[in-house]
Amino acid sequence: MSKARRCPGCDLLVLPETATQGHSAYCPRCHTRLYRGGIARFNAELAIAVACLILYIPTISLPLVTIRLIGQMIPATLTSGTVALAPTFPAVALLILFCSAIAPLLLISAVLGAQFSLRFRQLRLFKLSLWILSHLKQWTMLEVFLVSLAISCFKVQEVADIYVGLGLYCLISMQILLSVLLTKVSVRRYWDAWQPEDEHISDKLDTICHSCHLTQEALPYCRRCGSRLHHRIPKSLQKTWAYLITASIFILPANLYPISIFMNNGKRIEDTIFSGVAGLVKTGMISIAVIIFVASIVVPVAKIIGLAYILLCIQFKQRSQRLQRMRIFRIVHWIGKWSVMDLFVIAIMVALIDRGQLLDFTPGPGAIAFGVVVILTMLAAESLDSRLIWDKYEQRTK
């Protein structure tokens with residue numbers, strides 16, 4: 001028996017139809033994916049998660065690359081940049097460590113935890129594991145780290161010999177497996193395996209649980225997972241505006257103050273994001289300059305403008321072009337992680353060429369402000385309830 005459910009993107013009540021293996025069902029109004037077709041294969045997800053966990057240890061411990069600089073062999077591991085930054089820039093170091101090492105481990109552990117708790121019926125662990133899967137996908141940035149590593153190697157290739165380490169092959173393999181895993185994992189499928197939606201048939205389908213995605217009547221707590229129910233995310237607009245305004249304030253020092261400081265034989269070179277891009281253009285690294293320019297200047301500004309546009313349309317009850325705003329919202333969500341690229345490059349460069357008085361590479365004050373902008377814009381996108389875009393439409397058509 002099919003059970004009507006509300007779309008988590010626009011709150012439209014939809015009667016699902018059967019989707020075949022390899023296909024998905026989408027909301028007819030906002031195009032949010034509702035569910036995947038076919039049978040869930042949890043054993044395949046378990047095997048991939050175990051393989052990722054096995055690769056994680058050599059990825060963390062073995063050198064990704066090793067360079068020969070001033071007669072020294074200098075290895076760079078996944079965490080060496082974090083270790084180098086920690087004494088002077090602990091906040092930036094923590095952000096880099098979380099996005100490159102901690103978040104991937106938590107995601108892998110969450111899949112294993114969900115499988116274990118599903119088998120042994122441990123609700124608390126099950127809810128925690130699925131919460132991690134829902135909220136930490138955007139904070140897992142191994143692909144961004146790989147691009148940043150490639151950019152760093154291009155920057156140092158003129159002054160050092162570069163040797164690829166075994167850790168890099170492990171990192172690439174783990175990233176491929178993790179990408180496959182994240183495309184397979186579905187929080188809704190796990191909850192349906194825990195307790196099918198058909199066991200909670202109700203005549204009133206007023207709200208959707210944001211934890212387990214069960215559509216049900218307006219109750220204080222979800223009938224399936226016990227989470228507190230809200231018609232809309234509490235204070236979504238206020239939180240998003242707060243994050244966005246603060247990010248807009250910090251974006252000025254992030255671009256005006258030096259983001260990196262390079263000392264070469266007593267000569268001090270301070271680079272802002274823009275001057276660093278200009279320097280790359282002058283040295284002929286135009287493709288790298290374009291990547292850095294887009295990731296570090298265009299993307300943060302575009303996120304702020306895009307979210308501000310959506311918020312203003314909601315505040316002023318604009319009824320037209322709602323699907324366009326939904327697309328902007330999805331794009332902002334997707335591009336958010338790529339802003340961290342510049343911070344990854346700085347961390348890798350510090351690990352590779354910070355050699356004391358002869359060669360010294362350290363982040364500037366702009367790096368801290370830039371890190372704040374990245375975090376706040378990502379939190380702003382996560383705190384915005386996309387259903388608010390469609391609320392006035394519902395009121396108009398009733």
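Quick caveat, the model's predicted, so the values are computed rather than measured. (Residues numbered from 1 in each chain as written. Predicted model: local features only at pLDDT ≥ 70, side-chain atom pairs only at ≥ 80, totals over all residues. Heavy atoms only, no water.)

1. With respect to the environment of leucine 95
Link 1 in the chain: Looking at the element boundaries, leucine 95 is found in helix H3 (residues 90-120).
Link 2 in the chain: Along the primary structure leucine 95 and valine 374 are separated by 279 residues, whereas in three dimensions their C-alpha atoms are 10.0 Å apart. (Helix = DSSP H or I, 4+ residues; strand = E, 2+ residues; numbered from the N terminus.)

2. A look at empty space enclosed by the protein
Link 1 in the chain: Considering all chains together, one arrives at 2 cavities of 30 Å³ or more under this definition.
Link 2 in the chain: Taken together, Gln138, Lys303, Val332, His333, Gly336, Thr377, Met378, Ala381 and Glu382 make up the full set of residues lining the largest cavity.
Link 3 in the chain: Every element with two or more residues in the lining of the largest cavity is listed here: helix H11 (322-335) and helix H13 (365-383).
Link 4 in the chain: Its residues assigned to classes, the lining of the largest cavity shows 3 nonpolar, 4 polar and 2 charged. (1 Å grid on protein atoms, 1.4 Å probe; cavity = no way out; pocket = protein on both sides within 12 Å on 5 of 7 lines; lining within 4 Å. Points joined across faces, edges and corners; volume = space filled by probe spheres on them. Nonpolar A, V, L, I, M, F, W, Y, C, P; charged D, E, K, R; others polar.)

3. Some remarks on the sheet that holds strand E6 (residues 72-76)
Link 1 in the chain: The strand order E6-E5-E7 describes an open sheet built from 3 strands, whose pairing is antiparallel. Both outer strands of the open sheet, E6 and strand E7 (161-164), are each paired with one neighbouring strand and no more. Strand-to-strand, the axes of this sheet are offset by a mean angle of 25°, without reference to chain direction.
Link 2 in the chain: The pairing of strand E5 (residues 65-69) with E7 spans 4 bridges and is classified as antiparallel. Bridge pairing in E7 places isoleucine 67 opposite isoleucine 162.
Link 3 in the chain: Seen against the sheet, helix H12 (residues 341-353) touches E5 and E6 and runs at an angle of roughly 50° to E5. (Pairing = 2+ DSSP bridges. Axes fitted to C-alpha atoms, helices over the stretch in contact; angles between N-to-C directions. Contact = heavy atoms within 4.5 Å.)

4. Focus: the layout of surface pockets
Link 1 in the chain: Taken as a whole, the second largest pocket spans an internal volume of roughly 770 Å³.
Link 2 in the chain: Lining the second largest pocket are 26 residues, and of these Lys155, Phe262, Asp271, Met349 and Phe361 sit closest to its centre.
Link 3 in the chain: Elements with a contribution of two residues or more to the lining of the second largest pocket: helix H5 (142-156), strand E10 (260-264), strand E11 (267-271), helix H9 (273-282), H12 and strand E12 (359-363).
Link 4 in the chain: When its residues are assigned to classes, the lining of the second largest pocket shows 16 nonpolar, 6 polar and 4 charged.

5. As for the packing of helix H1 (residues 42-61) against H3
Link 1 in the chain: Relative orientation of the contacting elements H1 and H3 amounts to 145°, with a least axis distance of 10 Å. The hand of the H1/H3 crossing is left-handed. On H3, the residues that touch Phe42, Glu45, Leu46, Ala49, Val50, Cys52, Leu53, Tyr56 and Ile60 of H1 are Ala101, Ile102, Leu105, Ile108, Val111, Leu112, Gln115 and Leu118.
Link 2 in the chain: Its residues assigned to classes, the contact of H1 with H3 shows 15 nonpolar, 1 polar and 1 charged. (Left-handed = near helix turned anticlockwise from the far one by under 90°.)

6. What about the confidence of the model for the protein chain?
Close inspection of predicted coordinates is inappropriate in any region flagged by low pLDDT.
Link 1 in the chain: In this model, the protein chain carries an average pLDDT of 87, and 94% of its residues clear a pLDDT of 70 or more.
Link 2 in the chain: The least confident element of the protein chain, judged by mean pLDDT, is helix H14 (residues 391-397) at 57; the most confident is helix H8 (residues 236-256) at 95. (pLDDT = per-residue confidence, 0-100.)

7. Re the environment of aspartate 161
Link 1 in the chain: Turning to its location among the elements, aspartate 161 is positioned in strand E7.
Link 2 in the chain: Its relative accessible area of 42% is what places aspartate 161 among the partly exposed residues.
Link 3 in the chain: A sequence separation of 150 residues divides aspartate 161 from aspartate 11, and the C-alpha atoms of the two residues are 56 Å apart.
Link 4 in the chain: Leave out the neighbours within four places in its chain, and aspartate 161 touches Thr66, Ile67 and Arg68. (Buried < 20%, exposed > 50% of the residue type's maximum accessible area, 1.4 Å probe, protein only.)

8. A look at unusual backbone geometry
Link 1 in the chain: In this structure, arginine 121 takes a positive phi of about 55° despite not being glycine.
Link 2 in the chain: Relative to the helices and strands, arginine 121 resides in the loop between H3 and helix H4 (123-135).
Link 3 in the chain: Classification of arginine 121 as partly exposed rests on a relative accessible area of 44%.
Link 4 in the chain: With a phi angle near 55°, glutamine 321 is a residue other than glycine that sits in the positive phi range.
Link 5 in the chain: When you line up the elements, glutamine 321 lands in the loop between helix H10 (286-315) and H11.

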